[in-house]
Amino acid sequence: MNSLTPSMWTDAVALVRRLCPGFLPAGLLHASDKSVLIAGTCAGEQTVAKVLATREAFWREKFGREVAAYLAFARSAPPVRVPRLLAADAGEGVLLLERLSGDCLSSDRYPPTPLARQDVGMAVDALGTLAQWAPAPGAFARGWDYERRLDRYFEYGLLQESDHEGLTHLLQEAGPTRHFAHGDPLPGNILLDQPRVGLLDWEFAGFYLPHLDWALLWVLLHATPAARTLIEERVAAGGSAGQAAFTVNRAMLLTRELRTHQDLPTSPWQQTRLAALTRDWDALRTEWRPGPAAQTS
C-alpha cells in the first residue's frame, strides 16, 4: 500500500478519534499493507497513531504484543527511550503514542552507504544495554523456538542437511540462556537524539538467544563494514557460547531475508541485494562447515 485512499484515511482517523476524541491528524507518516502511521496532536501533545490495516491473525497477535509491551514499559521503564503509551485498543487495532524527537539511524532497511561511526556506536551500545535489562517476570515471552525454526527451514529446502546439523550443534553450544531483545531493530526503528537513543515498534520484543538485535544490525548494515567489525568485537568479548548464539541468530535472519528477497519480483535492486545476502550466507556457512583440509584429514 503506497498510499491511502480518502476513505481509508477517514476510517483510520475515525478509529483514532474513537479512542481519543481530541486527536487532530497532522499528516501521514507511513502506510503499508500492515499498518498506517498518522502524526498528530492530542491534548496539545505531539503524538503518533498506529492503526492496524490487516485482519491477518499473525499481525493482530503481534499488535497485541506491542500494546502489552508499552503497558509493561509503563510499569517498569527499559534502559532506552520508548514512546509513552497514551491510549490503546488492541481489539480495534489502534495505538496512540507520544511522538519521540530525533532522527532515525536510516530510513532504508538496508542503508546503501556507510553510516556515521558515532551513530552506529550509539545504536550498538543501546541494544547491548537493552539486552542486559530484566523486565518484570511474565511481561514478555520467548521470541523464537529455535529448534522448530531450524526444522521448518530445513523442510522448506532453505537449509541443507549439513547446515541443519551444524546449526543444531551451535545451538547446543549456545546453551539455554535467553536475553531480552527488541526483536526488530531496523534502522528506521532506531531514533538518535544526542545523547539518547530511542526504539520504536516493539511487536517482536521478547527473549531470544543472546545478540539477536546485534545480529540483525549486522545483517542489515552490510554497507557499513565498521558496524560489523564493532559488533563482532563486542560478541567475541563475551565468550564462545555468545559467539555460537550470534552465529545461529545471523543464520536464522539471513535465511529469512534470502527467502523474502527470492520471492520478490525481479528487479535491479532485488538482484543486487540478493547477491549481497548470498555472499554473506556463503561466508557464514564456513563457521559450521569444515574446510577441505578438515574434510580430508
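Since we're looking at a predicted model, the values are computed, not measured.

Asker: Explanation requested: the sheet that holds strand β8 (residues 190–193) in the structure shown.
Answerer: Backbone-to-backbone hydrogen bonds pair the strands of a sheet. The strands run either parallel or antiparallel. Judged by pairing direction, the sheet is antiparallel, and its three strands sit side by side in the order β6-β8-β9 without closing on themselves. Strands at the two margins of the open sheet, each flanked by one partner only, are β6 (103–104) and β9 (196–199). Relative to β9, β8 runs antiparallel, the two sharing four bridges. When the bridges of β9 are listed, D193 appears paired with R196.

Asker: Looking at this structure, how should I read the sheet that holds strand β4 (residues 85–89)?
Answerer: A sheet is described by the order of its strands in space; here five strands give the open sequence β1-β2-β3-β5-β4, paired in antiparallel fashion. Edge positions in the open sheet fall to β1 (24–31) and β4, since each of these has one partner strand only. Sheet twist, expressed as the mean angle between neighbouring strand axes with direction ignored, is 20°. Here β1 runs beside strand β2 (residues 35–42); their pairing, made up of six bridges, is antiparallel. Among the inter-strand pairings, A31 is bridged to a residue of β2, identified as V36. Against the sheet, helix α1 (residues 6–19) touches β1, β2, β3 (45–52), β4 and β5 (94–98), its axis set at about 125° to β1. Each of β3, β4 and β5 touches helix α2 (residues 57–75); the most contacted strand, β5, lies at about 35° to it.

Asker: Just to check I follow, could you spell out helix α4 (residues 146–155) for this structure?
Answerer: Helical geometry: 3.6 residues make up each α-helical turn, so side chains three or four residues apart lie on a common side. What α4 keeps buried is the set Y146, R149, L150 and Y153. Projection of α4 onto a plane perpendicular to its axis shows the buried side chains occupying an angular sector of 100°, all on one side. Turned more than 90 degrees from where α4 packs its buried face, R148 and E155 sit exposed. Here the buried face of α4 lies against α5 (161–174), β10 (206–208), α6 (212–220) and α8 (240–262). Looking at the residues trailing α4, positive phi occurs at G157, about 85°.

Basis of the calculations
- Residues numbered from 1 in each chain as written.
- Predicted model: local features only at pLDDT ≥ 70, side-chain atom pairs only at ≥ 80, totals over all residues.
- Heavy atoms only, no water.
- Pairing = 2+ DSSP bridges.
- Helix = DSSP H or I, 4+ residues; strand = E, 2+ residues; numbered from the N terminus.
- Axes fitted to C-alpha atoms, helices over the stretch in contact; angles between N-to-C directions.
- Contact = heavy atoms within 4.5 Å.
- Buried < 20%, exposed > 50% of the residue type's maximum accessible area, 1.4 Å probe, protein only.
- Arc of directions from axis to C-beta.

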